[in-house]
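Here's the letter readout for the chains.
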Amino acid sequence: MIDKLEKSKCTGCYTCANKCPQKCIKMVEDKEGFFYPEIDKEKCIKCNLCEKVCPVLQKKQSDNDKNPTVIAAWSKNNNIRLDSTSGGIFSELAKEVLNTEGYICGAIYDENWMVKHILTNKIEDLEKIRSSKYIQSRIEDTFLEIKEKLDEGKTVLMCGAPCQVEGLANFLNKDYDNLILCDFICRGVNSPKIFRKYLDSLEKKYKSKIKAIKFKDKTYGWHSFSTRIEFENGKKYIGNRYLDSFMIGYLKYNAFMRPSCYDCQFKGLPRRSDITLADFWGIEKIAPQLDEDKGTSMVLLNSEKGRNLFAKIKENINHYEIEDKDNFLQNKCMYDSVEMTESRKHVLNEMNNLDYDELRKKYFPEPKKLKIFRINISLLLKKIKNRK
Ligand SMILES: Cc1cc2nc3c(=O)[nH]c(=O)nc-3n(C[C@H](O)[C@H](O)[C@H](O)COP(=O)(O)OP(=O)(O)OC[C@H]3O[C@@H](n4cnc5c(N)ncnc54)[C@H](O)[C@@H]3O)c2cc1C
């Protein structure tokens, strides 16, 4: 049974819960805010299907390319590009599938600003799926829904974290010509509960409910991305990547990720997905002409199916094949998990006793250098004012 899997290794991919023929596996939130399977042992018939489909217990070797084609690309549609995390390639792939009466599966915010996957054939849902949400998404029943559509002969494009994509592939246990799997290079997923605390602290500060959230907003450019949060009272928070506390906790202190992300089993090549997407960090050094600071996607074409779908969107994007593939090695998260830190050992444990600002000051403070930089800037501004 799935309880054989050590808790620290469980990715929360929902594959076991989707597979259970008795529906006796529930995903239950733990005190850190992550979901784990819990078996109703009275209903369980010990078929062990949950164990057989778990992508960690049954890690499958992929037949996909060990040396995939690497492409720098972005959408020709400026609105899509600016609204996406990198170059908007996911949206272009999704549009192609939707235009041929297919379905797309991806992550959206729910009514509480938590994240879940949906399966849809509606173009108006694409805007909700677009953009990275850096917290763990709940798969819920989408693997069952995907299987139903695939069996009806519909094309499905599923995009998720590498562990979710591997989970779906194990769940189906069959190659479907009408399924395209898309993952991304993944730093790791954060606790929904700490994210809620962060949002609560902002709602308190701005005295209003949240209306919209955009991670990696490009108001100040792709390289200096910000977190943008809009409130119902019309106010707006835009926190630069070096000053926004949630991004500092995520990127500098590795403070909020799921335990399994610190020893991720789904790094490197070959990928189980047909297409892998990422931010093409470093493009400004390899080919500065391809960097307009509006976002450039790195696209890895891992299989024939991936190449075929990508060929169909070529008219709608700018794309350049990268010959010197060593450059994509610069994307560290492709190969290595992030390190477990002292902050991580405490912050999610103490989150139920301390408020967000106390946690921030104690475990993921703004780096001192930035504080000095900020003080200098404010001094400079004062001096300029006094001169006038
Ligand atoms: C948690 C997370 C960590 C990432 N880490 C890195 C990294 O370390 N290095 C790097 O280069 N790129 C990373 N990425 C990928 C990057 O942020 C872009 O998503 C990618 O470049 C695709 O961009 P796009 O402009 O083509 O499409 P976008 O529209 O930005 O991508 C949207 C796609 O991402 C999926 N998605 C969004 N949030 C989630 C979520 N929480 N869980 C599962 N799926 C989700 C959506 O379903 C959609 O299909 C990460 C993404 C996420 C969600």
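Since the model is a prediction, treat every value here as computed from it, not as a measurement.

Across all of its chains, the model carries zero disulfides by this definition. The thiol of Cys 186 is unpaired, and the distance to the nearest cysteine sulfur, on Cys 261, comes to 6.1 Å. Judged by relative accessible area, which is 14%, Cys 186 ranks as buried.

The next subject is the packing of helix H12 (residues 342-350) against helix H13 (residues 356-363). Relative to each other, H12 and H13 sit at 165 degrees, their axes nearing to 10 Å. With respect to H13, the element H12 is oriented roughly antiparallel. The element H12 and its partner H13 pack so that their crossing is right-handed. Contact residues: H12 offers Ser 343, His 346, Val 347 and Glu 350, while H13 offers Leu 359, Lys 362 and Tyr 363.

Geometrically, the link from Leu 269 to Pro 270 is a cis peptide bond, its omega value of -5 degrees lying close to zero. Among the secondary structure elements, Pro 270 is positioned in the loop between helix H9 (245-252) and strand S12 (275-279). Of note in the backbone geometry, Lys 46 takes a positive phi value of approximately 55 degrees without being a glycine. On the secondary structure map, Lys 46 appears in the loop between strand S2 (35-39) and helix H2 (49-53). One non-glycine residue with positive phi stands out, namely Asp 293, at about 60 degrees. Turning to its location among the elements, Asp 293 is positioned in the loop between helix H10 (283-286) and strand S13 (297-301).

On to the site of the ligand. As a structural note, the neighbourhood of the ligand is formed by 35 residues, with Thr 85, Ala 107, Ser 132, Lys 133 and Ile 185 the closest of them. Between the ligand and the protein, one listed contact pairs an oxygen atom with a backbone N or O atom of Ala 107 at 2.7 Å. Those elements giving two or more residues to the shell around the ligand turn out to be helix H4 (89-99), strand S4 (103-109) and S12. Ranked by the residues each element gives to the shell around the ligand, the list is headed by S12, at three residues.

A full pass over the atoms with the stated rule returns 18 aromatic pairs. Where Phe 143 meets Phe 171, the ring centres are 5.9 Å apart and the plane angle is 45 degrees; that geometry is what we call tilted. Here the residue Phe 143 occupies a position in helix H6 (residues 142-151), and Phe 171 occupies one in helix H7 (residues 162-172), the gap between them amounting to 28 residues. With respect to class, Phe 143 is no different from Phe 171; both count as buried.

With that settled, the discussion passes to the pattern of salt bridges. For the structure shown, the criterion picks out 29 salt bridges. The residue Asp 30 makes a salt bridge to Lys 7 at a minimum N-O spacing of 2.9 Å. Remark: Lys 7 occurs in the segment before helix H1 (15-19) and Asp 30 occurs in the loop between strand S1 (25-29) and S2; sequence separation between them is 23 residues. With a relative accessible area of 15%, Asp 30 lands in the buried category. A relative accessible area of 48% places Lys 7 in the partly exposed class. A salt bridge links Asp 83 to Lys 214; its shortest N-O distance comes to 3.0 Å.

Looking now at the sheet that holds S13. Within the open sheet, the nine strands sit side by side as S6-S5-S4-S7-S8-S12-S13-S3-S14. Their pairing is mixed. Whereas interior strands pair on both sides, the edge strands pair on one side only; in this sheet they are strand S6 (137-138) and strand S14 (317-321). With five bridges connecting them, strand S3 (residues 69-75) and S13 associate as antiparallel partners. Paired with Ala 72 across the two strands is Met 298, which belongs to S13.

So, about the pairing of strand S5 (residues 115-120). Across the six residues that make up S5, a large majority, five, are buried. Relative to S5, S4 runs antiparallel, the two being bridged by six bridges. Each residue of the ladder has a partner; that of Ile 104, found in S5, is Thr 120. Hairpin remark: S4 followed by S5, antiparallel, with five residues in the connecting loop; positive phi at Trp 113, about 65 degrees. In this sheet, S6 lies alongside S5 in parallel orientation, the contact comprising two bridges. Bridging from a neighbouring strand, Lys 116 pairs with Arg 138 of S6.

As a further point, take the domain arrangement of the protein chain. Taken domain by domain, the protein chain holds domain 1 (2-53) and domain 2 (62-388). Between the C-alpha centres of domain 1 and domain 2 there is a distance of 26 Å. Counting from both sides, the interface comprises 20 residues of domain 1 and, opposite them, 30 residues of domain 2. Contact between domain 1 and domain 2 buries roughly 2,000 Å² in total, counting both sides, with carbon and sulfur atoms accounting for 53%. A per-residue breakdown of the area domain 1 buries against domain 2 is headed by Asn 18, Glu 32 and Phe 34, which together make up 32% of the total. Inspection of the region where domain 1 meets domain 2 yields one salt bridge. Close ionic contact of Glu 32 with Arg 344 constitutes a salt bridge, the shortest N to O distance being 2.8 Å.

About the cut-offs
Residues numbered from 1 in each chain as written. Predicted model: local features only at pLDDT ≥ 70, side-chain atom pairs only at ≥ 80, totals over all residues. Heavy atoms only, no water. Disulfide = S-S within 2.5 Å. Buried < 20%, exposed > 50% of the residue type's maximum accessible area, 1.4 Å probe, protein only. Axes fitted to C-alpha atoms, helices over the stretch in contact; angles between N-to-C directions. Helix = DSSP H or I, 4+ residues; strand = E, 2+ residues; numbered from the N terminus. Parallel < 35°, antiparallel > 145°, perpendicular 65-115°, else oblique. Left-handed = near helix turned anticlockwise from the far one by under 90°. Contact = heavy atoms within 4.5 Å. Near = heavy atom within 4 Å. Polar contact = N/O pair within 3.5 Å; in protein donor to acceptor, adjacent residues only side chain to side chain. Phe/Tyr/Trp six-rings, centres within 6.5 Å; stacked < 30°, edge-to-face > 60°. Salt bridge = Lys/Arg side-chain N within 4 Å of Asp/Glu carboxyl O. Pairing = 2+ DSSP bridges. Domains from an automatic or database assignment. Buried area = accessible area lost by both parts, 1.4 Å probe.

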